[in-house]
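Examination of the molecular architecture
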Amino acid sequence: MQPIWASISNVFGRKPPLYVCMTLFFVGSVVFAVAKNMNTIIIGRVLQGFGGGGIDVLVEVVIADMTTLQERSKYIGLMGIVLAIGNIMGPSVGALFATYASWRWIGWVNLPLLGIGMPLIYSFLKLRPVPLEKSLAENLARLDWIGMMLVIVGITILVLPISWAGSLFPWSSWQTLVPMLLGFLVLAIFGFYEAKPAAPIMPHRLFHSKTVNMTLAGGFIHGATLVSLLQYLPLIYQAVQLEIPILSAVSLLPTVVTSVLLAATSMMMVPFFGGYVWLLRLSWIILTLGTGLLALLRVESTSSMRLGLPILWGAGVALLRLNLLPMQASVKKVDDTGLAIGLFLTIRMFGGLVGLTIASTVFNTVFSTTISSSAAQLTGPLLPLRDASIAVAFIEKLRTLDVSSETLLPVLKVYLKCFQTIFYTMTGLGGLGFVTSIFIDEITLSGENLGNQRFEE
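Residues numbered from 1 in each chain as written. Predicted model: local features only at pLDDT ≥ 70, side-chain atom pairs only at ≥ 80, totals over all residues. Heavy atoms only, no water.

Time to look at the overall build of the chain. Each helix and strand counted, the chain has 18 helices and zero strands in total. The C-alpha atoms of the chain give a radius of gyration of 23 Å, which matches the 23 Å a tight globule of 457 residues would have. Judged by the C-alpha coordinates and their principal axes, the chain covers about 75 × 50 × 40 Å. Here the chain holds 457 residues, and 49% of them are scored as buried. Sequence separation of 24 or more characterises 79% of the internal contacts of the chain that already satisfy a separation of 6 or more. (Helix = DSSP H or I, 4+ residues; strand = E, 2+ residues; numbered from the N terminus. Rg over C-alpha atoms; globule rule 2.2 N^0.38 Å. Buried < 20%, exposed > 50% of the residue type's maximum accessible area, 1.4 Å probe, protein only. Contact = heavy atoms within 4.5 Å.)

Now for a nonpolar patch on the surface. A cluster of nonpolar side chains, namely I85, M89, V93, Y100, I246, L247, V250 and L253, defines an oily patch on the protein surface of about 630 Å² accessible area. Of note, V93 is situated in helix 4 (residues 69-100). Classification of V93 as partly exposed rests on a relative accessible area of 30%. (Patch = residues over 30% accessible without salt bridge, like charges linked within 9 Å, V, L, I, M, F, W, Y side chains within 5 Å. Areas by Shrake-Rupley, 256 points an atom, 1.4 Å probe, with all protein chains shown as cover. Salt bridge = Lys/Arg side-chain N within 4 Å of Asp/Glu carboxyl O.)

Once that is clear, we can look at the nonpolar core. In this structure, I236, W313, F367, L398, Y415 and F419 are the most contacted members of the largest nonpolar core, which totals 101 residues. The element contributing the most residues to this core is helix 10 (residues 210-239), with 13 residues. (Core = buried A, V, L, I, M, F, W, Y, C linked by side-chain atoms within 4.5 Å.)

Let us now look at the pattern of salt bridges. Following the criterion strictly, the structure yields five salt bridges and no others. A salt bridge links R14 to D65; the nearest nitrogen and oxygen atoms lie 2.5 Å apart. With a gap of 51 residues between them, R14 in the loop between helix 1 (2-12) and helix 2 (15-34) and D65 in helix 3 (residues 38-66) connect regions that are remote in the sequence. Each member of the pair R14 and D65 is classed as buried. Between E243 and R306 there is a salt bridge, and its shortest N-O distance comes to 2.9 Å. Of this pair, E243 sits in the loop between helix 10 and helix 11 (245-251) while R306 sits in helix 14 (residues 303-319); the two residues are 63 residues apart in sequence, bridging distant segments of the chain. Given the relative accessible area of 7%, E243 is considered buried. Owing to a relative accessible area of 17%, R306 belongs among the buried residues under this scheme.

A word on the packing of aromatic side chains. Counted by the stated rule, this structure contains 10 aromatic pairs. Each ring, one from F363 and one from Y415, has its centre 6.2 Å from the other, and the planes form 50°; the classification is tilted. A residue pair is termed long-range when its members are at least 10 positions apart, and F363 in helix 16 (residues 337-371) and Y415 in helix 18 (residues 405-438) qualify at 52 residues. Both residues of the pair, F363 and Y415, belong to the buried class. Following the ring pairs from residue to residue traces out a cluster consisting of Y232, F363, F367, Y415 and F419. The lysine or arginine in question, R45, covers the ring of F32, its NZ or CZ lying 5.6 Å from the ring centre. The aromatic ring of W278 is capped on one face by R281, whose charged end is 4.7 Å from the ring centroid. (Phe/Tyr/Trp six-rings, centres within 6.5 Å; stacked < 30°, edge-to-face > 60°. Lys NZ or Arg CZ within 6 Å of the ring centre and 35° of its normal.)

Function-wise, these values are silent; they only describe arrangement.
Written out as C-alpha cells, the structure is:
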C-alpha cells in the first residue's frame, strides 16, 4: 500500500489519507485484539497493513514537504530515533506480551499511542492544502487505478508463495512456482504500464539515474538484513543460551541504545564527511562486519559477548537510514519526492520479506540436514525434533526439557549452526550492499525548495 498512499496524497493532500490510515490502523488493532478465530485475526492484520503502510510512508513524505533538502537530514535523524527504538524493541516487546500477558496486547498497545497521536496531528499539523480545481469525480479519475490494481495483485501473488515455500509446499512444487511466476509477470506488466497514466504511482522518471537505482538496491538489501535479523536475533538467545524471552530482550538493550544514539546523530555527521557517500559506505562496512561478528556466538558464550556482539550490527542498521538522502536528492521535481519515498520504502519492505524468506529457508534446510545425523539420539522429549518443520516452535520448550545437559548439547549446537549460517548469508548480502554504495554519486544537499504541501503557520 505504500506507493498507493503516496500517490493518493499527491491528489488529495497529505492529511486526509493520513487520517484514514490512522483510523484503519486503529480499527485493525481492535479487530485483531478481540479476534476469536484465525479469519478475524487475518482481517485485523490486513486492516492494520492498509493503515500502517500509509502511516509509515506519509510521515516521511510530510517531513519532506515541510523541510528543504538542506535541513532535511536533521529531521530524518530525529525520526530515526523512534524508528530505531521500534525496530529493535518491537519483536522483544511482542514476545513479552505473548509470554506474560496475552498476544492480544500486540493489538491493544497501539490504541493509547493512536489516542495521543491523532489529536496532536489534527490540532497542530498545518499543511497547505492541495487546490482541488476539479470535481471529486475528476480527481478520482486522475488516480492510477489500473496501476494500483496491478501492483496489489502482483505483490500479493508473489508474496504468498515466497511465504509458504519450504513450509507448506516445497520450493519446486507447482503451488510455489506457478503463483511466483505469475507474480513476476504481473509486476512486469505493471512496470511497462506505468509509462501510460497521467499520474502513475511509480513514474518511470524516478528511475532516471544509477544513483537512484543503486540506492533502491541498497534499500532492498538493508530491508533484508534488518527484518531477518530482527526475527532471529532474539531466537538465538532463547534457543542456544536457553534464555527466557524477557532476558533475550535485555540482551538486546545495549544494541537498542546504540541504535537510538546513532539514529539521532548520523545525519549530523553528513557535513563532517563532506556529504553522504563516504558515510554511507562506512555504514555498509559497519553493518557487514557487525553481521559477521554475530557468528562468533557460541553455546557457552559469556554475557559480555551476548550483550556486545550485536551492537555493531545495530549501529550499521541505524546509520543506513542515510539511504533516504540520495533517494530524495536525486528527485528532479520537488513534488515527486513523495512518490520517491513511497517507492524506496516499498522496495525496502519487500527486501525485508525476501530476507526473512531466505533466512527461514536457510534455517529449515540446515536444521533438517544437520539434525538427521543426530536422529538416533533424538529420543524421549527430543523425539519431535525429527520433524524439522517444528524446530522454531520447539525453541520455547528447550529450557524446560527433562534431559541431561550432555543430551541437550548436540541439539543446541544444531540450532547454533542454523543461526550462524543465517549470519553468514546476511554478511554476504551486506557486502553486496557495500558494492551498491560504490556506484552512488554525491549530490549536493543545498536545495532550498519546499513541497507544495508545506507547513504553514
